[in-house]
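For reference, the chains in residue letters:
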Amino acid sequence: MRRWTVVPAGTEGYRTAEVTVGGVDTNDLSSKTLEAKAVPGLHFVGEAVDVTGWLGGYNFQWAWSSGWVAGQSV
């Protein structure tokens, strides 16, 4: 991953920045520990995971809850 570079092609600005999608596919993670199935010991939490919900703080709840779940398994 150290050699992987991301070069943004542009932005739509804050007009559309409320919600994003994408990230690590949940099918590639353990539903009990959020550990990557392909790389033991590697966990993904929060907005790094492809989980989308309603606006209004739900992303914070997902970030805290997923972090807690992953932390319990290490």
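What you see is a predicted model; the values in this text were computed from it and never measured. (Residues numbered from 1 in each chain as written. Predicted model: local features only at pLDDT ≥ 70, side-chain atom pairs only at ≥ 80, totals over all residues. Heavy atoms only, no water.)

If you had to explain the overall build of the chain to someone new, which residues and values would you point to?
Broken down by element type, the chain carries 1 helix and 0 strands. Taking 74 residues into account, the globule formula puts the C-alpha radius of gyration at 11 Å, and the chain, at 14 Å, lies well above it. Projected onto the principal axes, the alpha-carbon positions of the chain cover approximately 40 × 35 × 20 Å. By residue count, 12% of the 74 residues in the chain fall in the buried class. Counted over contacts in the chain with a minimum sequence separation of 6, partners at least 24 positions apart contribute 47%. Put simply, the chain shows about 6,400 Å² of open surface, and 58% of that area lies on carbon and sulfur atoms. (Helix = DSSP H or I, 4+ residues; strand = E, 2+ residues; numbered from the N terminus. Rg over C-alpha atoms; globule rule 2.2 N^0.38 Å. Buried < 20%, exposed > 50% of the residue type's maximum accessible area, 1.4 Å probe, protein only. Contact = heavy atoms within 4.5 Å. Areas by Shrake-Rupley, 256 points an atom, 1.4 Å probe, with all protein chains shown as cover.)

Please set out the packing of aromatic side chains residue by residue, giving values where relevant.
The tally for this structure, following the rule as stated, stands at 1 aromatic pair. Considering the side-chain rings of Phe-60 and Trp-64, the 5.8 Å spacing of their centres and the 20 degrees angle between planes classify their relative orientation as stacked. Remark: Trp-64 and Phe-60 occur in helix H1 (residues 58–72); sequence separation between them is 4 residues, near one turn of the helix. (Phe/Tyr/Trp six-rings, centres within 6.5 Å; stacked < 30°, edge-to-face > 60°.)

How would you summarise the environment of Leu-34 if you had to cite specific residues and measurements?
Tracing the backbone through its elements, the reader meets Leu-34 in the segment before H1. With 21 residues separating them along the chain, Leu-34 and Gly-13 place their C-alpha atoms 31 Å apart. Once residues lying within four places of it in the same chain are set aside, the contact partners of Leu-34 are Leu-29, Leu-42, His-43, Phe-44, Val-45, Trp-62, Ser-66 and Val-69.

Can you break down the nonpolar core residue by residue, with the values?
Ranked by size, the top nonpolar core spans 5 residues in total: Val-24, Leu-29, Leu-34, Ala-36 and Val-49. Look past the residues within four positions of Ala-36 in its chain and what remains in contact with it is Asp-28, Leu-29, Leu-42 and Phe-44. (Core = buried A, V, L, I, M, F, W, Y, C linked by side-chain atoms within 4.5 Å.)

Any details on the side chain of Thr-33? Residues and values, ideally.
Topologically, Thr-33 is positioned in the segment before H1. A relative accessible area of 19% places Thr-33 in the buried class. Here Ser-30 takes part through its side chain, which lies 3.2 Å from a polar atom of the side chain of Thr-33. Filtering out sequence-adjacent residues up to four positions away, Thr-33 remains in contact with His-43, Val-69, Ala-70 and Ser-73. (Polar contact = N/O pair within 3.5 Å; in protein donor to acceptor, adjacent residues only side chain to side chain.)

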